[in-house]
Amino acid sequence: MTRATATATAAKADAIVRCENIAVAYGGFQALQPTSLAFAPGQIHALVGQNGAGKTSFARALAGIVTPQSGRFFINGREARAPTVRQVRQLGLDIVHQRFTLPPSFTVAEALELVSAKKHGGAFFSFNALARSWLQELKAAGLEVSPRARIRDLPIETAQSLEIARALAGHAQFLILDEPTALLSPSGVERLFARLRQLRAQGVTLLVILHKLREVMEIADTVAVLRGGRLVLPPTPSVQLSQRQLSGLIIGEMPAAVPGASPREDASIPAARRGVQLAARQASTRQSALEPALAGVSLAIEAGEILGIAGVEGNGQRSLVDILTGLMPVAGGSVHLLGQDVSALTHHQRRALGLRVVPFDRLTQGASLSLPLWENVTVCDAPRFRQRRRLWLNIGAMRRAARAALQQFDVRYDSLEQAAGALSGGNLQRLILARELAAAPQALIAAQPTRGLDFRATQFVWQVLRALKEGGGGILLVSSDLDELFHLSDRIQVLRGGRLLGAFPPPFDRRAIGDAMIGAQR
Amino acid sequence: MEQFVVTTIRLSVPLIFAGLGGLFSVRAGIFHIGIEGLMLAGAFVTVAIGSALGSVWLGIGGAIAVNLLLSWVYWFLIDRLKADMIIAGLGLTTLCVGGTAFLMSAFFNKRGSMTSQVRLPQPVVGPQEGLLAYVSELSLLAWLLPLFVLIVWLLLRRSRLGLQLAAIGEYPYAAEAAGVNISRSKLYAMLITGICCALAGAELAVGGLAAFSENMTNGRGFIALAAILFGSLDPIRTTLAGLFFGLANAVGINSQIYAGASNVPRQFILMLPFAATIFFVTLRGYASGRNAPRVS
């Protein structure tokens, strides 16, 4: 680490961007602890870390989009005080966001004009003049795209090149790219990297946020690592680091192997519940805007088993859950539930067969925040409460069932009538578990079931999942928390770039799984 | 026939002023349901101040000032206090409907309606007889309409402000990343809407007629919103939609005159323009599929 400190000190002297104790908090959540670091000019710097490590928060603070809770930073030796996006741009710093920032219905010229620092034309522009002047800028950036094309019709790679061209047209000297490779094909990544090297040769300093170590090693001059909102490695020349060292820093030094869940005993599972509960065969999806398409994913979950899906977020997890639950159609292959091909069935029909889901986001998918607790608990089972020639619902019975379920899962609440939105995160997750697990389902999909929960709530969720498994349920656990996966899974598979890689049996090798997640080679 | 054309234009002018004014807000993602109220306030204040001070220009100036204030309040409610824009807009309209009736009885001791001492100039005097006799019915604002449409088109489609408003409405993330002050741009949009609605109200009260009556907008603000959606948030198409709704209205009025002796109930004919509005807006939404204007 002394070498790294020396580099950091050396960089401080003539750093193009220097941060002192920058901290970012959203509400009560501390996304980035006070962090100081400096970037030397004319290099490609990489910033790496797991999801939630604070990378994007750091980038957004630098770009003037979020106001840091504390700290100061200097661009070219000039302090940016309470910076706005425009001020930061004038100082020569710009960012290419992870999500594209050009409005889909705009033409290329309009979108570029919206975000550009300098105006083309006076108060009113002529569309032709605008198109002409941007065509020149685009040509200068070596980009073949018509200024009249609509943003929504552009391929992803072109849209990204456009964002880079947009930033450079504002004469950025320091360019941040937030996960620029996430949506690109391998050849697209090649071309992007070639462009980045070209920019470096022109004297532009780049800060690239990356997930894949192979890419870091390929492109970066220096690497900095964030973990859990803390800087664990200041910018350090990448030649001094190995992929193994880096993956250790990113994931955190933990015991190399963790004992897996206790092996199940087939005898304890009721005979009716044996066999494959949930399976996908060579399932694939079409390209979505957010994630790579799934390519021939096959998996099978047996009764009394938890299959863990590890992976860096955005590698197809959402698509995987959506095709299994029926929210997204499969483009090829099939999905099977309890031995039946359910590829063509709706989510509702799959639920009727016994599939239950704890979705990724409890606030937007998991519950209706404005509805009372009892409705949230019973809504999926409403048909069960029909009475009198199925015309009416038995509200009293629904409330009784809800109360029993909430009690069983230890949800703390004031009144059954209170809106679900008033519950804390942990309590809301318990409510969702109460709803999904009340009938002891045969197949459960649990997506990030403990994200954002504190220790106690996490323990509770784990206990519930384990109990379901022991009762013979098959569980697919999707998580980006390796500890959780190691703790609960009987097997782990890694999802990367829409492909499901190898099966890892216990005892789990943190390093091997971590390497598979980020595509590191040994 | 000439009368029919002139009637269509006369009836369209307030719709187009309100529609194009509302377009600034709607493009910025604010479904401004308070347009109806702002038009009514504009009509009342023009008549009230205009009559009191004896100048239609002071009346219009006052109407603009009042609408700027009301628009600021609306902005404060929905942007700063995070009120629901539909409910706050409905509140604004209801406030104006009740408020104008109340102020009319409080200050002028009139109920139902009051006549105006002033009216907008009608700059073009046509021949007293013959084909073009009706053009003299058109007010100054009606003659200025093409210029107004051009300015709105330039502002919305050929200026930075227009790009920023469209980005805010379509994809706020883009506007944020572009360094646009979203809250301030929304305020500007709403203030412009307020000014345009003041003009729309003035045209309604002192353009052709010279009177204010309770709830005289009678749903025109909502028709203007329909014109915006029907025109898929484009200024030119919104203008055309405004003309179309004016035409439907003129058909209703004319058939009322000519079909006076027939058995068709008067109410049915008065309903026709609104039925046409619903029909065409539905048709438009159905036909446009994925390119339908997105308003939230």
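You'll find the structure just up there.
Residues numbered from 1 in each chain as written. Chains lettered and ligands numbered in written order. Predicted model: local features only at pLDDT ≥ 70, side-chain atom pairs only at ≥ 80, totals over all residues. Heavy atoms only, no water.

Peer 1: For this particular structure, what's the right way to read the pairing of strand β10 (residues 230-237) of chain A?
Peer 2: Along a regular strand, successive side chains alternate from one face of the sheet to the other. Of all eight residues making up β10(A), six are buried, and the element is well covered by its neighbours. Remark: two residues form the turn of the hairpin made by strand β9 (residues 222-227) of chain A and β10(A), two consecutive strands paired antiparallel; A:Gly228 in that turn has positive phi of roughly 55°. (Buried < 20%, exposed > 50% of the residue type's maximum accessible area, 1.4 Å probe, protein only. Helix = DSSP H or I, 4+ residues; strand = E, 2+ residues; numbered from the N terminus. Pairing = 2+ DSSP bridges.)

Peer 1: Honestly, the nonpolar core in this entry has me stumped. Any pointers?
Peer 2: Burial of nonpolar side chains together is a common tendency in soluble globular proteins. Counting residues in each nonpolar core, the largest one holds 82 residues, and the members touching the most others are A:Leu175, A:Leu196, A:Leu206, A:Val216 and A:Ile513. Counting residues per element, this core draws most heavily on helix α16 (residues 455-470) of chain A, which supplies seven residues. Counting residues in hydrophobic clusters, the runner-up holds 65 residues, among them B:Phe44, B:Cys197, B:Leu204 and B:Phe212. (Core = buried A, V, L, I, M, F, W, Y, C linked by side-chain atoms within 4.5 Å.)

Peer 1: How do you make sense of the pattern of salt bridges when you look at a structure like this?
Peer 2: Where charged atoms from two side chains of opposite charge approach closely, those side chains can pair. Counted by the stated rule, this structure contains 23 salt bridges over all chains. Salt-bridge contacts for A:Glu113 lead to B:Arg160; the nearest nitrogen and oxygen are separated by 3.5 Å. Highlighted residues: A:Glu113 in helix α4 (residues 108-115) and B:Arg160 in helix α6 (residues 160-170), drawn from two different chains. Across the pair, B:Arg160 and A:Glu113 agree in class, each one buried. A salt bridge links A:Asp490 to A:Lys469, with the shortest nitrogen-to-oxygen separation between them at 3.1 Å. Separated by 21 residues along the polypeptide, A:Asp490 in the loop between α17 (482-488) and β22 (491-496) and A:Lys469 in helix α16 bring together distant segments of the chain. Just as A:Asp490 is buried, A:Lys469 falls in that class too. By sharing partners, the salt bridges in this structure join A:Arg18, A:Glu20, A:Arg72 and A:Glu79 into a single network. (Salt bridge = Lys/Arg side-chain N within 4 Å of Asp/Glu carboxyl O.)

Peer 1: I tried to follow the packing of helix α2 (residues 35-53) of chain B against helix α3 (residues 56-80) of chain B on my own but got confused; where do I start?
Peer 2: Residue and element names in this part refer to chain B. Across the interface, α2 lies against α3 with an axial gap of 7 Å and an inter-helix angle of 140°. In this structure, the crossing between α2 and α3 has a hand that is right-handed. Contacts between α2 and α3 pair Leu38, Ala41, Gly42, Val45, Thr46, Ile49, Gly50 and Leu53 from the former with Leu58, Gly59, Ile60, Gly62, Ala63, Val66, Asn67, Leu70 and Ser71 from the latter. Classifying every residue of the contact of α2 with α3 by side-chain character gives 10 nonpolar, seven polar and no charged. (Axes fitted to C-alpha atoms, helices over the stretch in contact; angles between N-to-C directions. Left-handed = near helix turned anticlockwise from the far one by under 90°. Contact = heavy atoms within 4.5 Å. Nonpolar A, V, L, I, M, F, W, Y, C, P; charged D, E, K, R; others polar.)

Peer 1: Can you walk me through the state of the cysteines in this structure?
Peer 2: In a disulfide, the sulfur atoms of two cysteines are held together by a covalent bond. Residues and elements named next belong to chain B. According to the stated counting rule, one finds zero disulfides over all chains in the structure shown. This cysteine, Cys196, is not joined by any disulfide, and Cys197 carries the nearest cysteine sulfur, 6.9 Å off. You can call Cys196 buried: its relative accessible area is 5%. (Disulfide = S-S within 2.5 Å.)

Peer 1: Honestly, the side chain of A:Gln160 in this entry has me stumped. Any pointers?
Peer 2: Here A:Gln160 is to be found in helix α6 (residues 156-169). Among the residues examined, A:Gln160 registers a relative accessible area of 4% and is labelled buried.

Peer 1: Which parts of the structure should I look at to understand the sheet that holds strand β8 (residues 205-210) of chain A?
Peer 2: Backbone hydrogen bonds are what pair the strands of a sheet, in a parallel or an antiparallel way. Residues and elements named next belong to chain A. Pairing is mixed in the open sheet, where six strands are placed in the order β6-β7-β8-β3-β9-β10. The strands lining the two open edges of the sheet, one partner per strand, are β6 (93-96) and β10. Within this sheet the neighbouring strands show an average axis-to-axis angle of 15°, counted without direction. Pairing geometry for strand β3 (residues 44-48) and β9, over four bridges, is parallel. If you follow Ala46 over to β9, its bridge partner there is Val223. Relative to β6, α6 is tilted by about 170°, and along the sheet it contacts β6 and β7 (174-178). Across the sheet, helix α9 (residues 243-251) is in contact with β3, β9 and β10; its angle to β9 comes to roughly 30°.

Peer 1: Explanation requested: the interface of chain A and chain B in the structure shown.
Peer 2: At the junction of the two partners, chain A supplies 27 residues and chain B supplies 21 residues. Overall, the association of chain A and chain B removes approximately 2,200 Å² of surface from exposure, summing both partners, and the carbon and sulfur fraction of that is 56%. Per-residue buried area on chain A facing chain B is highest for A:Leu114, A:Phe124 and A:Phe125; these three make up 26% of the total on that side. On inspection of chain A and its partner chain B, the count reaches two salt bridges. In this structure, A:Arg60 and B:Glu176 form a salt bridge, with 3.8 Å as the shortest nitrogen-oxygen distance. Those elements that place two or more of their residues in the side of chain A that touches chain B are α3 (85-90) and α4 of chain A. (Buried area = accessible area lost by both parts, 1.4 Å probe.)

Peer 1: Help me out: how do you make sense of α2(B) in this one?
Peer 2: Residue and element names in this part refer to chain B. The end-to-end C-alpha distance of α2, which contains 19 residues, comes to 26 Å, matching closely the 27 Å that a straight helix rising 1.5 Å per residue would cover. Burial analysis of α2 places 16 of its 19 residues in the buried class, which makes it a mostly covered element. Trailing α2 by a residue or two, Gly54 shows a phi angle of about 75°, which is positive. (Expected span 1.5 Å × (residues − 1).)

Bear in mind that shape data such as this cannot, by itself, settle questions of function.
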